[in-house]
There are 4 protein chains.
Amino acid sequence: MSQALYRDVIDACNRCASACDHCTAACLEEDNLAMMATCIRLNIQCAAICRLLALYLHHDSQFIAALAKLCRTVCQNCAEECAQHEHAHCQACAEACQACARACEVLPD
Amino acid sequence: MSQALYRDVIDACNRCASACDHCTAACLEEDNLAMMATCIRLNIQCAAICRLLALYLHHDSQFIAALAKLCRTVCQNCAEECAQHEHAHCQACAEACQACARACEVLPD
Amino acid sequence: MSQALYRDVIDACNRCASACDHCTAACLEEDNLAMMATCIRLNIQCAAICRLLALYLHHDSQFIAALAKLCRTVCQNCAEECAQHEHAHCQACAEACQACARACEVLPD
Amino acid sequence: MSQALYRDVIDACNRCASACDHCTAACLEEDNLAMMATCIRLNIQCAAICRLLALYLHHDSQFIAALAKLCRTVCQNCAEECAQHEHAHCQACAEACQACARACEVLPD
């Protein structure tokens, strides 16, 4: 049963995707929007690949290992960018991205 | 700040979308797949509109009220269909859909 | 057969969603990013609801009429915002949004 | 400008995603649904990764090469499965998947 095995990773993916969507929306309301372009760009990409990985986990896909490897890299990049900004939504997003990257590591190769 | 105000509804949407995706994947592995077509069809539609509503809530969109009304209807329809099947994933999905439908009701018109 | 009946609307939805995604990405590279926040916000919402409507059309959903009405409104709002900006990607996006809004009108109530 | 460079690949991704969504919906209405489970499962995965690649192409992402490699594999698997079924929607989907797999090959490593 895929959901039992993958439940923690799916939860981490969903939390990360939601944190990225929130960070995107909150960045768009910041006064220093010009400094947030890379953050928004990575948030959009990170949210989308986390949702894809969650979907593949639900379907116990044969492509999970390859996708998880890439998802982990995207999460790490997004976390590094978000961590550079003091906004609470960026700090929270960095944490969710790091947690998702760690969750991806437990998946079998 | 939209996330504080809408956090519970966003969580309900995400849980419902994940339950629907899981139910779709699990239905596709059932022996009586021919009986699950309507369930799968509604799961796919319900997962997608719940994710859209979560996105609109993150952005504090002007279209939340109209979308929440439709999302609630889709959740109710999906819950009614899932509740008719004995599979554990269908019963769990019915509960997540009902919870999301109730969460949508608290949003202002 | 839903695809034959709805093919033109699905195509308009897909073209609009792609134009919105492109406009979002291109806005994030503009020098006057601070002026593009509303445009990006609406692009994100418009792309997502157009994809949802295309999905519902593929499934010949019972919720098409209600969703198409909302999708049309979102497309019109996004078109009005994009039309105010001189960037080629904004002008192209405004046209794709207007075309999608018109396509939604042909759907039965 | 990413859209000019990647336009053909984005179009192939969008056409493939739409063909997969249509094939999923049409499979769910077939009499021999029990034989279509693998087809539906791959359609769902293929549609989602094609949309992700289109999004990454719009954003001229640093992760395009890695994602395109995986997307190509998923498209090829979906094409092989769809090609085994006589339904017109399966044959059309197989062609769209093959076209998208070929489009992915032109992207730089």
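That block above? That's the structure.
All residue numbers here refer to positions counted from 1 along the written sequence of the relevant chain. Chains and ligands are labelled by the order in which they are written, letters from A for the one and numbers from 1 for the other. Confidence filtering applies because this is a predicted model: local features only for residues at pLDDT of at least 70, side-chain atom pairs given and counted only at 80 or more, and all residues used for totals across whole chains, interfaces and linings. Note that the side-chain values use all heavy atoms of the structure and ignore hydrogens as well as water.

Draft legend 1. Summary view of the packing of aromatic side chains. Residue and element names in this part refer to chain A. Centres within 6.5 Å are what make two rings of Phe, Tyr or Trp a pair, Trp counting through its six-membered ring; a difference in plane orientation under 30 degrees is then read as stacked, over 60 as edge-to-face, and the rest as tilted. The full count for this structure, using the stated rule, is 4 aromatic pairs over all chains. Summarising the aromatic geometry, the rings of Y56 and F63 are spaced 6.5 Å apart at their centres and angled 55 degrees between planes, so their arrangement reads as tilted. Residue Y56 shares its accessibility class with F63, and that shared class is buried. Only protein chains enter the accessibility calculation, which uses a 1.4 Å probe; a residue is then buried when its area is under 20% of its type maximum, exposed when over 50%, and partly exposed in between.

Draft legend 2. Local environment of the interface of chain B and chain A. Listed per partner, the contact involves 15 residues of chain B and 16 residues of chain A. Buried area is calculated as the accessible area (1.4 Å probe) missing from two parts once they are joined, with the contributions of both summed. Summing the contributions of chain B and of chain A, the shared interface buries around 1300 Å²; its carbon and sulfur component is 56%. The largest share of the area that chain B buries against chain A comes from B:H22, B:H58 and B:H59, three residues that together contribute 36% of it. One side-chain nitrogen of Lys or Arg within 4 Å of one carboxyl oxygen of Asp or Glu is enough to make a salt bridge. Put simply, chain B and chain A have 0 salt bridges between them. Counted as a polar contact is a pair of N or O atoms within 3.5 Å, where, for protein atoms, one must be capable of donating a hydrogen and the other of accepting one, and residues adjacent in sequence contribute only when both atoms are in side chains. For the pair chain B and chain A, the interface holds 4 residue pairs in polar contact (both at pLDDT 80 or more). Going along the chain from the N terminus, every DSSP run of H or I of four or more residues is numbered as a helix, and every run of E of two or more is numbered as a strand. Looking at the side of chain B that touches chain A, the elements with two or more residues in it are helix 1 (2-27) and helix 2 (37-58) of chain B. Counting residues per element, the side of chain B that touches chain A draws most heavily on helix 1 of chain B, at 9 residues. Under this grouping Gly is polar, as are all residues other than the nonpolar Ala, Val, Leu, Ile, Met, Phe, Trp, Tyr, Cys and Pro and the charged Asp, Glu, Lys and Arg. In the side of chain B that touches chain A, the residues fall into 5 nonpolar, 7 polar and 3 charged. Residue contacts are defined here by distance: any two heavy atoms, one from each residue, within 4.5 Å place the two residues in contact.

Draft legend 3. Focus on the relation of the copies chain A and chain D. Here the copies are matched by least squares. The fit uses the C-alpha atoms of residues with pLDDT of at least 70 in both. Rotating chain A by 180 degrees and translating it 0.0 Å along the rotation axis places it on chain D, where the RMSD comes to 0.0 Å. Taken together, the rotation and translation relating the two chain copies correspond to the operation of a two-fold axis.

Draft legend 4. Main features of the interface of chain A and chain D. With 20 residues of chain A at the contact, the number on the chain D side is 20 residues. Taking both sides of the interface into account, the surface hidden between chain A and chain D amounts to around 1700 Å²; carbon and sulfur atoms contribute 74%. On inspection of chain A and its partner chain D, the count reaches 0 salt bridges. If you look at where chain A meets chain D, you find 4 residue pairs in polar contact (both at pLDDT 80 or more).

Draft legend 5. Expanded view of the state of the cysteines. When two cysteine sulfur atoms are found within 2.5 Å, that pair is recorded as a disulfide. In total, this model carries 0 disulfides over all chains according to the counting rule given. A:C71 takes part in no disulfide bond, and the closest cysteine sulfur, belonging to A:C50, lies 3.9 Å away. Its relative accessible area of 0% is what places A:C71 among the buried residues. With no disulfide partner, B:C82 has as its closest neighbouring cysteine sulfur the one in B:C39, 3.7 Å distant.

Draft legend 6. Expanded view of the relation of the copies chain B and chain A. After a rotation of 180 degrees and a shift along the axis of 0.0 Å, chain B superposes on chain A with an RMSD of 0.0 Å. Both copies share a contact surface, since 100% of the interface residues of chain B are interface residues in chain A too.

Draft legend 7. Representation of the side chain of D:S18. Structurally, the position occupied by D:S18 is in helix 1 (residues 2-27). Once residues within four sequence positions are removed from consideration, D:S18 is found in contact with C:R7, C:I10, C:N14, C:H58 and D:R51.

Draft legend 8. Just helix 4 (residues 88-105) of chain A, in detail. In this scheme, a helix's expected span is set at 1.5 Å multiplied by one less than its residue total. Its 18 residues place the ends of helix 4 of chain A 26 Å apart at the C-alpha level, agreeing with the 26 Å of an ideal helix rising 1.5 Å per residue. All of the buried residues along helix 4 of chain A are A:H89, A:C90, A:C93, A:A94, A:A96, A:C97, A:C100, A:A101, A:A103 and A:C104.

Draft legend 9. Seen up close, helix 2 (residues 37-58) of chain D. The end-to-end C-alpha distance of helix 2 of chain D is 32 Å, a good match for the 32 Å that 22 residues give at a rise of 1.5 Å each. Downstream of helix 2 of chain D by a residue or two, D:D60 has a phi angle that is positive, lying close to 50 degrees.

Draft legend 10. Structural detail: the packing of helix 2 (residues 37-58) of chain C against helix 3 (residues 64-83) of chain C. Residue and element names in this part refer to chain C. Where helix 2 meets helix 3, the axes come as close as 9 Å, and the angle between the chain directions of the two elements is 155 degrees. In terms of orientation, helix 2 and helix 3 fall into the roughly antiparallel class. Our pair here, helix 2 against helix 3, has a crossing hand that is left-handed. Contacts between helix 2 and helix 3 involve T38, C39, L42, N43, Q45, C46, I49, C50, L52, L53, Y56 and L57 on the former and, on the latter, I64, L67, A68, L70, C71, V74, C75, N77, C78, E81 and C82. Axes here refer to lines fitted to C-alpha atoms; in helices the fit is confined to the stretch in contact. Angles between the N-to-C directions go from 0 to 180 degrees. An angle counts as roughly parallel when it lies under 35 degrees, as roughly antiparallel when it exceeds 145, as roughly perpendicular when it falls between 65 and 115, and as oblique in every other case. For any pair of crossing helices, the crossing counts as left-handed if the nearer helix is rotated counterclockwise from the farther one by less than a right angle, and right-handed if it is rotated clockwise.

Draft legend 11. Representation of the packing of helix 3 (residues 64-83) of chain A against helix 4 of chain A in the model. Residues and elements named next belong to chain A. In contact at an axis separation of 8 Å, helix 3 and helix 4 are set at 155 degrees when each is read in the N-to-C sense. In terms of orientation, helix 3 lies roughly antiparallel with respect to helix 4. For the pair helix 3 and helix 4, the sense of crossing is left-handed. Between helix 3, through A68, C71, R72, C75, Q76, C78, A79, C82 and A83, and helix 4, the contact on the second element is made entirely by C90, Q91, C93, A94, C97, Q98, C100, A101, C104 and E105. A breakdown of the residues in the contact of helix 3 with helix 4 according to their chemical character gives 14 nonpolar, 3 polar and 2 charged.

Draft legend 12. Spotlight on the side chain of A:T24. One can find A:T24 in helix 1 (residues 2-27). Residue A:T24 is classed as buried on the basis of its relative accessible area of 3%. Ignoring sequence-local partners within four residues, the contact set of A:T24 consists of A:I40, A:N43, A:I44, B:H59 and C:I44.

Draft legend 13. Here's a closer look at the pattern of salt bridges. The tally for this structure, following the rule as stated, stands at 12 salt bridges over all chains. Among the ionic pairs, B:R7 bridges to B:D11, the shortest N-O distance being 2.8 Å. Pair noted here: B:R7 and B:D11 are both in helix 1, with a separation of 4 residues, about one helical turn. Residue class for B:R7 comes out partly exposed when judged on its relative accessible area of 23%. Residue B:D11 is classed as partly exposed on the basis of its relative accessible area, which comes to 26%. In this structure, C:R51 engages C:D21 in a salt bridge whose closest nitrogen and oxygen atoms are separated by 2.8 Å.

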